[in-house]
Amino acid sequence: MINTNARKIFELASAECVLTEPSDLRQYLTGISTSFGYVITDKNGTSFYTDARYLEAATASLANTDIKVYNFKGKLTDLLKAYKEVAIPLSQTNYPEYKKLVDAGLTVKDSTQAFIDAMSIKQQYELDFIKSACEITDRAFCDLLPRIKEGMTENEVAAELEYLMRKYGASGTSFPTIVAFGKNASVPHHETGLTKLRFGDAVLIDFGCKTGGYCSDCTRTFLFGDDKKHGEFKAAYERVLSAHNLVKEGVTDGISGKAADAFARDYLAKFGLDKYFTHSLGHGIGVNVHEHPYLSPRSENLLRNGMVFSDEPGVYFEGDFGIRIEDTVALIDGKVVSLTDSDKKLLIL
């Protein structure tokens, strides 16, 4: 029988029972994606309560695991009558849901930290899913490049890329794909739109996909033709790439997120570029594209072997251009290993 993550969370939460309802945490426990359900774990085992839409698939998927599946039509409080204490992820629980449990006479504990601790360190099967997503990400980007033509809109380029990721086996995107042409790239999270590609434009694409419920995250910045007017862009690009690589060289097991961020930020400061680096260096990647650990100027998160996170320094010049270079990386045996690894030298199409 396969033991799922539910038992691990129960042991970490130290409560009579653990109730998990948020869809991302539920997927972490069960390995399947559903829009409705409750996972309850106690000393006797784990049960997944869902409705008829998912019953057949969930039963088949969890047949050889430690989770039993039940069709559920009643009230949540009916499932908790045997308990006096329940742990829930308070950071993802709204007040009305919390109040229902309290009004039912339950003592409520917080399982948030248990999930953070467990989800931050990836097991091998999780790494395998993330690696697969990253391989698809790299392949799709490389195959996208010859399809990019002058006059295409940002939306059209995003659609081509998402099609390729799906074609190569992704179940979907990690987040809405960002494609930014020219000055649009100076907005770190530009909303992909109808701007048309012109010769000489800088292009920034931030994208990722999912396999097995796990995410990849990657950003590439390049030029669509060289109109000989990009001296400042090219110089800044080389600085950002060097900062990106310094992170990979410097991060080791036990370093803080703050120290990791400083590798990139302090280097960019030597060239007066740190003031244009307006976001943090990175974030954890797993079931969610943004999760623990966080790599930022204020982060005390410690980076440990088995963690997966982004390395994404960037600089943004308002109304002119933006540059971000991002890989999904893993910390393995004390060293950073790139999981997305397409060529990061400045590309000119």
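Here the structure is shown first, and the text comes after it.
Novice: An account of the environment of Arg265 is needed here, citing residue identities and associated values.
Specialist: You can see Arg265 is positioned in helix H10 (residues 257-269). Sequence separation of Arg265 and Asn155 is 110 residues, and the distance between their C-alpha atoms is 32 Å.

Novice: Before we move on, could you go through the sheet that holds strand E9 (residues 201-207) and cite the residues and values that matter?
Specialist: Strand pairing in a sheet relies on backbone hydrogen bonds, with the paired strands running either antiparallel or parallel. Strands sit in the order E8-E9-E12 across an open sheet of 3 strands; the sheet is antiparallel. The open sheet has two edge strands with one neighbour each: strand E8 (178-181) and strand E12 (218-224). The mean angle between the axes of side-by-side strands here comes to 10 degrees, regardless of whether they run parallel or antiparallel. As judged from the 4 bridges shared by E8 and E9, these two strands associate in the antiparallel manner. Bridge pairing links Val179 to Ile205 in E9. Strands E8 and E9 of the sheet are contacted by helix H8 (residues 154-167), whose axis makes an angle of about 145 degrees with E8. Across the face of the sheet, helix H9 (residues 231-250) comes into contact with E9 and E12 while running at roughly 155 degrees to E12.

Novice: For the packing of aromatic side chains, give the residues involved together with the corresponding values.
Specialist: Tallying each qualifying case throughout the model produces 16 aromatic pairs. Seen in terms of ring centroids, Phe233 and Phe321 are 5.3 Å apart; in terms of plane orientation they differ by 70 degrees. Their pairing is edge-to-face. With Phe233 in helix H9 and Phe321 in strand E17 (residues 321-324), this residue pair connects regions lying 88 residues apart in the sequence. Summarising the burial analysis for this pair, Phe233 and Phe321 share the class buried. Joined through ring pairs, the aromatic side chains of Phe36, Tyr38, Tyr49, Tyr70 and Phe72 make up one cluster. Geometry around Tyr168 places Arg139 over its ring, the cationic atom sitting 3.7 Å from the centre. A cation over a ring is seen here: Arg239 above Phe271, with NZ or CZ 3.8 Å from the ring centre.

Novice: Before we move on, could you go through the sheet that holds strand E7 (residues 172-173) and cite the residues and values that matter?
Specialist: Strand order in the open sheet made by the 3 strands is E7-E10-E11, with antiparallel pairing throughout. The sheet is open, and its two edges are formed by E7 and strand E11 (214-215), each paired on a single side. Pairing analysis gives 2 bridges linking strand E10 (residues 209-211) to E11, with the strands arranged antiparallel. Each bridged residue has a counterpart across the sheet, and for Lys210 the counterpart in E11 is Cys215. On top of the sheet, helix H7 (residues 124-144) reaches E10 and E11; it is set at about 140 degrees to E10, its chief contact.

Novice: Which residues make up the packing of helix H2 (residues 23-30) against helix H6 (residues 112-120), and what are the values?
Specialist: Running from N to C, H2 and H6 cross one another at 55 degrees; their axes reach a closest spacing of 12 Å. Relative to H6, H2 is oriented oblique. Crossing of H2 against H6: the hand is left-handed. Here Leu25, Tyr28 and Leu29 of H2 lie close against H6, whose contacting residues are Phe115, Ala118 and Met119. Split by residue class, the contact of H2 with H6 holds 6 nonpolar, no polar and no charged.

Novice: Would you mind going over helix H5 (residues 95-103) in detail, with residue names and values included?
Specialist: Two or three places before Glu97, at the opening of H5, Asn94 has a side-chain oxygen 3.0 Å from that residue's backbone nitrogen. Of the residues one or two after H5, Gly105 is the one with positive phi, at around 90 degrees.

Novice: Tell me what's going on with the pattern of salt bridges, and back it up with residues and numbers.
Specialist: The tally for this structure, following the rule as stated, stands at 16 salt bridges. For Lys122, the salt bridge identified is with Glu291, shortest N-O distance 3.2 Å. You can see Lys122 sitting in the loop between H6 and H7 and its partner Glu291 sitting in strand E14 (residues 291-295), a full 169 residues away along the chain. By the burial criterion, Lys122 is buried, and Glu291 matches it. Between Asp327 and Arg220 there is a salt bridge whose closest N-O contact spans 2.7 Å. Of this pair, Asp327 sits in strand E18 (residues 327-332) while Arg220 sits in strand E12, and the two are 107 residues apart along the sequence. The exposure classification of Asp327 matches that of Arg220, with both residues buried. Connected via shared salt-bridge partners are Arg220, Lys248, Asp327, Asp341 and Lys344.

Rules behind the numbers
Residues numbered from 1 in each chain as written. Predicted model: local features only at pLDDT ≥ 70, side-chain atom pairs only at ≥ 80, totals over all residues. Heavy atoms only, no water. Helix = DSSP H or I, 4+ residues; strand = E, 2+ residues; numbered from the N terminus. Pairing = 2+ DSSP bridges. Axes fitted to C-alpha atoms, helices over the stretch in contact; angles between N-to-C directions. Contact = heavy atoms within 4.5 Å. Phe/Tyr/Trp six-rings, centres within 6.5 Å; stacked < 30°, edge-to-face > 60°. Buried < 20%, exposed > 50% of the residue type's maximum accessible area, 1.4 Å probe, protein only. Lys NZ or Arg CZ within 6 Å of the ring centre and 35° of its normal. Parallel < 35°, antiparallel > 145°, perpendicular 65-115°, else oblique. Left-handed = near helix turned anticlockwise from the far one by under 90°. Nonpolar A, V, L, I, M, F, W, Y, C, P; charged D, E, K, R; others polar. Polar contact = N/O pair within 3.5 Å; in protein donor to acceptor, adjacent residues only side chain to side chain. Salt bridge = Lys/Arg side-chain N within 4 Å of Asp/Glu carboxyl O.

Read these as layout, nothing more, since geometry by itself doesn't imply function.
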